[in-house]
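Here's the letter readout for the chains.
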Amino acid sequence: MRRRKLLISTTILLVIGLHAVPVLHRRERGTLWPFMQWAMYKNAAAPGPIQAQKRRIIGTTSKGQAEEVTTHLLGLSITVLEARYLRPMGKGDRSAARALITRLNRGRDDPFVELRLESETYTVSDTGIVRQDNPVVAYRADSADIEVTH
Amino acid sequence: MSRWLDRWDGYWFPPTPTLHLSICRVVAVATQLFWFFPSLDEHINFLEKNTEFIEPQLLIRGISALVPRDLFFTPAAFTALYWITAVAGVAALVGFLTRPSLLVFALGIWIFVAHLFSYGDRHHTEAVFCIFLMLLAFSPSGERLSVDGVLRRRRGRSAIHPEEVRDSSETAIWPLKVVHVLLALTYFSAGTAKLLTGGLAWMNGYTLQSHAFVDALDRGFPLGLWVAQHHTVAVFLSVFTILYEVFFFVSLILPWTAPLVFLGGLGFHIGLYATGGYDFFQHMVLLALLLVFIAPDWWRAWLNKYLDPILSRER
């Protein structure tokens, strides 16, 4: 029993101690699951309007079919979709749109020829939640241009 | 020195009914199998649409170093792994070859979660629960409520191995206690990170309003939209969040507070889910297990105090 307790004690210390690794190794902290740093939602927001944005990318294929570009369609997580495509495309980044269309069309019979970034801004006001539609940013695969439409 | 060792022993290894840990095994394995089990479709989709990982987890890097990617990280291999994990899970649930089954089951789940988090996204919900599943494999969680237990008792009844029948063990509570410590660590880490990064301004109400608004809008949670429109409620909930996260560890130092802290934790997570869809279901399961089994005397005393008078009145 003494030996078993010693082994278990070592396991306990190891499991608890390993949680220090992501804190000490900043570079590796995102890749040590299940030993993680638990700093989530840590940033404070300054007093001011409470706002949120809803964004989506709608793709149109060469046959004219419209389809929403989802994480499942892309095979990417929402974090990567946001960071690589949604946010840059919202700022008019053509290379992000081009990379997205290339990725989407890999092995497709009916390729996407246009991507439209649609978004709305919601704001908390005294009378409730106010919705404001933002200009649509459209990107066409053949023209290599970004077109902003309303 | 020996005083410290006695204290260590007293904390981690008190004689505990093996039935408690066996119930924990059944609950943890059943919830993982029927509630949190990985989606094979999601994994195959990632494998088919990505030729490489975005941010491979340590476990995935380890596997990749041993087995070529095109051999293991394929839809066929993951389908096989999926079914091996499921079969091991069923065996662990009924307690057949409990320890090896639990080990295979936990390892399978670890691989699936680590794989999912190797594509640039990761979440906190699974970590402690998965560690608990793995620890169960190294504890006598199959002593009761198990095929192994039935077989052992039969052998015991035939008086060949009577010593194998164990209703109580000194090693039947430590996995739950580790979970308690890990939850204290994780909540403390989450709470202090908010205070160190956001400062006291984290509790200004606007922070929680913003988080709740963004996530409730995205995930469709009306209660979160309501919180986002009520500043005073957001201030109150922010203060509660910080106090809860930073002071959860008190339940380790003052054991009598533990059941109340666990109950508070369940409320905290139900609230988080209802307002923003923060689905810490695994933490809820762990908190419920801790609530029932870390301080069973608390429950007994509470039941004796409040239930006995009612029952005697009925009689």
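Here the structure is a predicted model, which means the values were calculated and not measured.

## Overview of the pattern of salt bridges
Line of reasoning, step 1. All chains considered together, the criterion is met by 18 salt bridges over all chains.
Line of reasoning, step 2. In this structure, the salt-bridge partner of D9 of chain B is K5 of chain A, at a minimum N-O distance of 3.6 Å. With D9 of chain B in helix 1 (residues 2-12) and K5 of chain A in helix 1 (residues 2-17), this pair bridges two chains.
Line of reasoning, step 3. Across the pair E143 of chain B and R152 of chain B runs a salt bridge, and its minimum N-O distance is 3.5 Å. In this pair, the class of E143 of chain B matches that of R152 of chain B, namely buried.
Line of reasoning, step 4. Beyond isolated ion pairs, a larger network of salt bridges with shared partners links R2 and K5 of chain A together with D9 and E170 of chain B.

## As for the nonpolar core
Line of reasoning, step 1. In this structure, W33 of chain A together with F132, L183 and F248 of chain B are the most contacted members of the largest nonpolar core, which totals 85 residues.
Line of reasoning, step 2. Sequence-distant contacts of F248 of chain B, defined by excluding residues within four places in its chain, comprise H180, L183, A184, Y187, L243, V261, F262 and L287 of chain B.

## Structural notes on the side chain of T257 of chain B
Line of reasoning, step 1. Its location among the elements puts T257 of chain B in the loop between helix 14 (250-253) and helix 15 (258-276).
Line of reasoning, step 2. What T257 of chain B contacts, discounting residues up to four positions off in sequence, is V250 and S251 of chain B.

## Topic: the confidence of the model for chain B
Line of reasoning, step 1. Averaged over every residue, the pLDDT of chain B is 92; residues scoring 70 or more account for 97%.
Line of reasoning, step 2. We note a pTM of 0.91 for the whole complex and an ipTM of 0.89 for its interfaces.

## Details of unusual backbone geometry
Residues and elements named next belong to chain A.
Line of reasoning, step 1. Looking along the chain, the bond that leaves W33 and enters P34 is cis, with omega of 10°.
Line of reasoning, step 2. Position of P34 among the secondary structure elements: in the loop between helix 2 (21-24) and strand 1 (51-61).
Line of reasoning, step 3. Even without being a glycine, Y41 presents a positive backbone phi close to 50°.
Line of reasoning, step 4. As for its placement among the helices and strands, Y41 is situated in the loop between helix 2 and strand 1.
Line of reasoning, step 5. Assessed through its relative accessible area of 33%, Y41 is described here as partly exposed.

## A short note on the packing of helix 2 (residues 18-34) of chain B against helix 6 (residues 75-94) of chain B
All names here are of chain B.
Line of reasoning, step 1. Contact geometry for helix 2 and helix 6: axes closest at 9 Å, N-to-C directions at 155°. Here helix 6 runs roughly antiparallel to helix 2, going by the angle between their axes. Handedness of the crossing formed by helix 2 with helix 6: left-handed. Residues R25, V26, V29, A30, L33 and F34 of helix 2 touch helix 6, and the partners they reach there are A86, G89, V90, A92, L93 and V94.
Line of reasoning, step 2. Its residues assigned to classes, the contact of helix 2 with helix 6 shows 10 nonpolar, one polar and one charged.

## Digging into a nonpolar patch on the surface
All names here are of chain B.
Line of reasoning, step 1. A cluster of nonpolar side chains, contributed by V90, V94, F96, L97, V147 and L151, occupies part of the molecular surface with about 470 Å² of accessible area.
Line of reasoning, step 2. Elements represented by at least two residues in the nonpolar patch include exactly helix 6 and helix 9 (147-157).
Line of reasoning, step 3. Mapped onto the elements of the fold, V90 is located in helix 6.
Line of reasoning, step 4. By relative accessible area, V90 is classed as partly exposed at 45%.

Scoring rules and cut-offs
Residues numbered from 1 in each chain as written. Chains lettered and ligands numbered in written order. Predicted model: local features only at pLDDT ≥ 70, side-chain atom pairs only at ≥ 80, totals over all residues. Heavy atoms only, no water. Salt bridge = Lys/Arg side-chain N within 4 Å of Asp/Glu carboxyl O. Helix = DSSP H or I, 4+ residues; strand = E, 2+ residues; numbered from the N terminus. Buried < 20%, exposed > 50% of the residue type's maximum accessible area, 1.4 Å probe, protein only. Core = buried A, V, L, I, M, F, W, Y, C linked by side-chain atoms within 4.5 Å. Contact = heavy atoms within 4.5 Å. pLDDT = per-residue confidence, 0-100. Axes fitted to C-alpha atoms, helices over the stretch in contact; angles between N-to-C directions. Parallel < 35°, antiparallel > 145°, perpendicular 65-115°, else oblique. Left-handed = near helix turned anticlockwise from the far one by under 90°. Nonpolar A, V, L, I, M, F, W, Y, C, P; charged D, E, K, R; others polar. Patch = residues over 30% accessible without salt bridge, like charges linked within 9 Å, V, L, I, M, F, W, Y side chains within 5 Å. Areas by Shrake-Rupley, 256 points an atom, 1.4 Å probe, with all protein chains shown as cover.

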